[in-house]
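As a plain string of letters, each chain reads:
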Amino acid sequence: MSLSVSLGSVKLPNPILVASGTFGYAKEAARLLNLSRLGGIVPKTVTVSPRPGNKPPRTVEATAGLLNAIGLDNDGIDEFVEKKLPYLRTLGCPIIVSVAAKTLDDCKIFGERLNGESGITAVELNVSCPNVSGGVDYGTDPKLCEQMTRELRRNLTAPISVKLSPNVTRIADVAKAAEAGGADMISAINTCYGLSVDWRKRKPRLGNGCGGFSGPAIKPIALRCVWQIAQAVKLPIIGIGGVSCVDDVFEFMVAGASAVQIGTANFYKPTITTDIIDALPGEMEKAGINDFSEIIGTLEM
Ligand SMILES: Cc1cc2nc3c(=O)[nH]c(=O)nc-3n(C[C@H](O)[C@H](O)[C@H](O)COP(=O)(O)O)c2cc1C
């Protein structure tokens, strides 16, 4: 029996990764779990220049999920390469660096800073953050998504996964655009655009107004997106959205994902990833699965 998965040229020791923005830069979690056991870590998204993020409150709980409007708070790509990457590359698990570009020119800078750096398994292009205003929306317009993916592909040597937003009418069209632009993988999904209201104050609960909804409640949306993407492109898919147990992992695989990322569940159960990794062999045996490739994309509709 093997826990490893292949996503094109990217090989992962197991299919359980942590999602960007829910695991910091991993240092914070090091005393809680053995990070070397993870299938991969996707650190918080970095931008070319530092960003202060949105005004608080930045997170608020809702029924069966979490709303956030962090606003891509980060110290910029230079700090990331100098201060965060040296630690991440010591961990002994795959690192998928998450980047968000505001302009096509940013892709050149990501290439200049990241090419040649060791310890980067792949780069995830976040075109789907709902909490940043003022920029062009590369995640909702297929043409712009293709352009941005192509520009990063031209500048970067590492494999690229394009992380898609569920906040579109036809996610398959955006996935096809990413494929046409040269993406190696698709990550799906980012958060669902939502709003929490304090009716007594006549105010939104988040400082930014609207935010991104995540957690168990979005799993059916994520599964639908993964399935639609799997029908539309040949690229391997990393499923994200409400994963919190072994059955969820299998559900995403059957829908078409080769691996999953866990986000919100890290907040209420910090050992969720290694708990699932521990449980996988037993559950695979019970289900008669020797290799995940036996079930990936086997959903019959
Ligand atoms: C507090 C918070 C911050 C997040 N920050 C990022 C981010 O910086 N970049 C990104 O691509 N996704 C970010 N996400 C989205 C997650 O990576 C993930 O796509 C989403 O939460 C759905 O997965 P989940 O239901 O397992 O949380 C964030 C999510 C949360 C809850």
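For the structure itself, look to the data block above.
We now turn to the structure provided with this report.

What counts and how
- Residues numbered from 1 in each chain as written.
- Predicted model: local features only at pLDDT ≥ 70, side-chain atom pairs only at ≥ 80, totals over all residues.
- Helix = DSSP H or I, 4+ residues; strand = E, 2+ residues; numbered from the N terminus.
- Rg over C-alpha atoms; globule rule 2.2 N^0.38 Å.
- Buried ≥ 20, exposed ≤ 12 C-beta atoms within 10 Å, placed from the backbone.
- Contact = placed C-beta atoms within 7 Å.
- Expected span 1.5 Å × (residues − 1).
- Pairing = 2+ DSSP bridges.
- Right-handed = clockwise from strand over helix to strand, strands pointing away.
- Core = buried A, V, L, I, M, F, W, Y, C linked by C-beta atoms within 7 Å.
- Axes fitted to C-alpha atoms, helices over the stretch in contact; angles between N-to-C directions.
- Parallel < 35°, antiparallel > 145°, perpendicular 65-115°, else oblique.
- Left-handed = near helix turned anticlockwise from the far one by under 90°.
- Nonpolar A, V, L, I, M, F, W, Y, C, P; charged D, E, K, R; others polar.

A closer look at the overall build of the protein chain
Phase 1: Per the secondary structure count, the protein chain includes eight helices and 16 strands.
Phase 2: Scaling as 2.2 N^0.38, a compact globule of 301 residues should have a C-alpha radius of gyration of about 19 Å, and the protein chain matches this with 18 Å.
Phase 3: If you line up the protein chain on its principal axes, its C-alpha atoms span 50 × 50 × 40 Å.
Phase 4: Burial analysis of the protein chain (301 residues in total) assigns 51% to the buried set.
Phase 5: Once local pairs closer than 6 in sequence are excluded, the contacts in the protein chain between residues at least 24 apart make up 73%.

Quick notes on helix α3 (residues 142-155)
Phase 1: The first and last C-alpha atoms of α3 sit 20 Å apart over 14 residues, in line with the 20 Å expected at 1.5 Å per residue.
Phase 2: Of all the positions in α3, only Pro-142, Cys-145, Glu-146, Met-148, Thr-149, Glu-151, Leu-152 and Arg-153 are classed as buried.
Phase 3: The elements touched by buried residues of α3 are α2 (104-114), β8 (122-126), β9 (160-164) and α4 (171-180).

Topic: the pairing of strand β16 (residues 259-262)
Phase 1: Of the two faces of β16, the one carrying Ala-259 and Gln-261 and the one carrying Val-260 and Ile-262 are both buried.
Phase 2: Both strand β3 (residues 16-18) and β16 contribute to a ladder of three bridges, which runs parallel. Across the sheet, the residue bridging to Val-18 is Ile-262, located in β16.
Phase 3: Regarding the hand of the β-α-β motif, the stretch spanning strand β15 (residues 237-240), helix α6 (residues 246-255) and β16 is right-handed.

Digging into the nonpolar core
A general feature of soluble globular proteins is that nonpolar side chains tend to end up buried together.
Phase 1: Within the largest apolar cluster, 92 residues are counted, with the highest numbers of intra-cluster contacts made by Ile-186, Ala-188, Val-226 and Val-260.
Phase 2: No other element matches helix α5 (residues 219-232), which puts seven residues into this core.
Phase 3: Ignoring anything within four residues of it in the chain, the contact list for Ile-186 reads Ser-161, Val-162, Leu-164, Ala-175, Ala-178, Ile-229, Val-233, Leu-235 and Ile-237.

Details of the sheet that holds strand β11 (residues 192-194)
Phase 1: With antiparallel pairing, four strands are arranged side by side in an open sheet as β5-β6-β14-β11. On the outer flanks of this sheet lie β5 (59-62) and β11, each paired with one strand and no other. With strand direction ignored, the average angle separating the axes of adjacent strands in the sheet is 35°.

Points about the pairing of strand β10 (residues 185-188)
Phase 1: Side-chain alternation along β10 places Met-185 and Ser-187 on one buried face and Ile-186 and Ala-188 on a second face that is also buried.
Phase 2: Where β9 and β10 come together, four bridges link them in parallel fashion. Paired with Ser-161 across the strands is Met-185, a residue of β10.
Phase 3: With α4 bridging β9 and its parallel neighbour β10, the resulting β-α-β unit is right-handed.
Phase 4: Pairing of β10 with β15, which is carried by three bridges, proceeds in the parallel orientation. Opposite Ser-187, over in β15, you have Ile-238 as the bridge partner.

Here's the deal with the packing of α4 against α5
Phase 1: Running from N to C, α4 and α5 point in directions that differ by 50°, and their axes come no closer than 9 Å. The angle between α4 and α5 falls in the class oblique. As for how α4 packs across α5, the hand of that crossing is right-handed. Note on element contacts: α5 touches α4 through Cys-225, Gln-228, Ile-229, Gln-231 and Ala-232, opposite Ile-171, Ala-172, Ala-175 and Lys-176.
Phase 2: In terms of residue class, the contact of α4 with α5 is built from six nonpolar, two polar and one charged.

Comments concerning the sheet that holds β9
Phase 1: Reading across the sheet, the eight strands line up as β4-β3-β16-β15-β10-β9-β8-β7 and stay open at both edges, with parallel pairing between neighbours. Strands with a single pairing partner mark the edges of an open sheet, and in this sheet they are β4 (40-41) and β7 (96-99).
Phase 2: Summarising the sheet, β8 and β9 pair through four bridges and their orientation is parallel. Considered in β9, the bridge of Asn-126 is made with Lys-163.
Phase 3: Relative to β3, helix α8 (residues 272-287) is tilted by about 175°, and along the sheet it contacts β3 and β16.

Purely geometric stuff here, so don't read any function into it on its own.
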